[in-house]
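For reference, the chains in residue letters:
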Amino acid sequence: MLGKEVRMNRLIPGEDGKYFGLTVDHAIARGMVKGLDIIDDTIAKMAAGNPNAITMHKGIAEKCFARFAGKIPLVLKLTTFGVYHYEEDIQVADVEEAVCMGADAVSVGCIVGGDNQNSQLVQLGRITKEAHKYGMPVISHIYPRGNHITRPDQYSVESVTYAARAAAELGVDLVKTNYTGTAESFARVVQAVPTRVAIAGGMKCSNVDEFLQQTRDVMDSGAVGVTYGRFVMHYPDVTALVLTLNKMIHDGLSLKESRELLEHLENKHKEAGEHVS
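Within each chain, residue numbers correspond to sequence positions counted from 1 in written order. A pLDDT threshold of at least 70 governs which residues receive local features in this predicted model, and a stricter bar of 80 or more applies before side-chain atom pairs are shown or counted, although totals over entire chains, interfaces and linings include all residues. As a convention, hydrogens and water are excluded, and side-chain values are obtained from all of the structure's heavy atoms.

(A) The arrangement of the side chain of R145 in detail. A run of DSSP states H or I qualifies as a helix once it reaches four residues; a run of E qualifies as a strand once it reaches two. Both are numbered from the N-terminal end. Relative to the helices and strands, R145 is located in the loop between β7 (138-144) and α7 (157-169). By definition in these notes, contact holds between two residues if any of their heavy atoms fall within 4.5 Å. What R145 contacts, discounting residues up to four positions off in sequence, is F81, Y86, E87, I111, V112 and Q154.

Have a look at this one:
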């Protein structure tokens, strides 16, 4: 469908076919984490790094995203798990709202491996059908963390492949899922999933060097890209990190080059801040 192709080309405009997404959709799911309490500032700093898209809920989009409309693609989050319902994503918005807001994709969460997997997959399939009727791409945040899956197995190749393949089977255009820990193991996931695959999160990384290493490894695995949130929000210089990740994902910067660029940008921003003050 032409509408979906138009939107996909805005999400992934480069010939490299790579995707670098950011998210600020955590408040209901995880509480008021650092960076969400100053949401206007956080979105502005992210946008300054020119990511391919930013994912958020409708109220934040309505109140905080207008000045970036048409400059940074919007992905509207249609579902969420929560602090008090951690093992289930519930629908909180619909595709029609996404169309009205000018979104370039919708994001749908799905948790597999639990007693409620049937209803989670039914919801994902239903929303995907509705979205495609409107020419709207679907990004699924799908995780194998239901009550039948142990915490270590949430990151196993078998569990992650099962989750990502389930999303692909239902017609999802881009899958966001757990990282299995190495480029070699994640390449097995990518190979088994016939749609675009990206990883979620970097909160298992203890420092920025590990975070950059993870990103380089993910890109080397053949994944389409990454979707990051909390690690970026928590970083002291959000824009410098986003600019660095952008170059790593789209220009293929090595780990060494990325570290050097990040240091250069941080120093540049510090000097500019000292000059302003």
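(B) Quick look at the nonpolar core. Grouping buried Ala, Val, Leu, Ile, Met, Phe, Trp, Tyr and Cys residues that are joined through side-chain atoms within 4.5 Å yields what is termed a nonpolar core. A 1.4 Å probe rolled over the protein chains alone gives each residue an accessible area, and that area as a share of the maximum for its type sets the label: buried under 20%, exposed over 50%, partly exposed in between. Among the nonpolar cores identified, the biggest contains 73 residues, and V232 and L241 are the most heavily contacted of them. Setting aside anything within four residues of it in sequence, one finds L241 in contact with V208, F211, L212, F231, V232, Y235 and L262.

(C) Local environment of the packing of helix α9 (residues 208-220) against helix α11 (residues 238-251). Interaxial distance between α9 and α11 falls to 10 Å at its minimum, and their mutual angle equals 25°. Classified by the angle between their axes, α9 and α11 sit roughly parallel to one another. When the axes of α9 and α11 are compared, the crossing they make is right-handed. Facing α9, whose interface residues are V208, F211, L212, T215, R216 and M219, α11 presents L241, T244, L245, M248 and I249. Axes here refer to lines fitted to C-alpha atoms; in helices the fit is confined to the stretch in contact. Angles between the N-to-C directions go from 0 to 180 degrees. Note that the term roughly parallel is reserved for angles under 35 degrees, roughly antiparallel for angles over 145, roughly perpendicular for angles of 65 to 115, and oblique for everything else. Put simply, a crossing is left-handed when the front helix is turned counterclockwise from the back one by less than a right angle, and right-handed when it is turned clockwise.

(D) Region of the structure containing the pairing of strand β10 (residues 225-228). Burial along β10 is two-sided: G225 and T227 facing one way and V226 and Y228 facing the other are all buried. DSSP-based pairing: two strands are paired if at least 2 bridges between them are found. Here strand β9 (residues 196-200) pairs with β10 via three bridges, running parallel. Residue pairing for β10: I199 is matched across the bridge by V226. Classification remark: right-handed applies to a crossover when, strands pointing away from the viewer, the course from the first strand over the helix to the second runs clockwise. Handedness of the crossover joining β9 and β10 through α9 is recorded here as right-handed.

(E) View of the packing of aromatic side chains. Only the six-membered ring of Trp is used, alongside the rings of Phe and Tyr, when aromatic pairs are assigned; centres must lie within 6.5 Å, and planes under 30 degrees apart are stacked while those over 60 apart are edge-to-face, with the rest tilted. Inspection of the entire model under this criterion finds five aromatic pairs. Here the aromatic rings of F65 and F68 are separated by 6.0 Å at their centres, their planes lie at 45°, and the arrangement is tilted. With respect to class, F65 is no different from F68; both count as buried. Chaining the aromatic ring pairs together yields one cluster made of F211, Y228 and F231. Above the ring of Y86, the side-chain terminus of R145 is found at 4.1 Å from the ring centroid. For a ring to carry a charge above it, either NZ of a lysine or CZ of an arginine must fall within 6 Å of the ring centroid while also lying within 35 degrees of the normal to the ring plane.

(F) Quick look at the environment of A69. With respect to the element layout, A69 can be found in the loop between α4 (58-64) and β3 (74-77). Since its relative accessible area comes to 52%, A69 is described here as exposed. C-alpha of A69 to C-alpha of I90: the two residues are 21 residues apart in sequence and 27 Å apart in space.

(G) Broad picture of α9. Look at α9: 18 Å from first C-alpha to last across 13 residues, which is about the 18 Å you get at 1.5 Å a residue. Of the residues making up α9, those classed as buried are V208, F211, L212, Q214, T215, R216, D217, V218 and M219. Immediately downstream of α9, the backbone of G222 shows phi near 100°, a positive value. In this analysis, the expected span of each helix is defined as 1.5 Å times one less than the number of residues it contains.

(H) Just the sheet that holds β7, in detail. Pairing in this closed barrel of eight strands is parallel, and the strands run β1-β2-β3-β6-β7-β8-β9-β10 around the ring. Across the sheet, the mean angle separating the axes of adjacent strands is 25° when strand polarity is ignored. Summarising the sheet, strand β1 (residues 19-23) and strand β2 (residues 53-56) pair through three bridges and their orientation is parallel. Bridging across to β2, L22 finds its partner in I54.

(I) Spotlight on the pattern of salt bridges. The term salt bridge refers to a side-chain nitrogen of Lys or Arg lying within 4 Å of a carboxyl oxygen of Asp or Glu. Taken as a whole, this structure holds 10 salt bridges when the rule is applied. With a shortest N-O distance of 2.6 Å, R10 and D104 are connected by a salt bridge. Here R10 is found in helix α1 (residues 2-11), whereas its partner D104 is found in the loop between α5 (95-100) and β6 (105-112), with 94 residues between them in sequence. Of the charged contacts, one joins R165 and E169 as a salt bridge, the two residues approaching to 2.8 Å between their closest N and O atoms. Taken as a pair, R165 and E169 lie in helix α7 at a separation of four residues, close to a single helical turn. Its relative accessible area of 55% is what places E169 among the exposed residues.

(J) Summary view of the environment of Q213. With respect to the helices and strands, Q213 occurs in helix α9. With 46 residues separating them along the chain, Q213 and R259 place their C-alpha atoms 9.7 Å apart.

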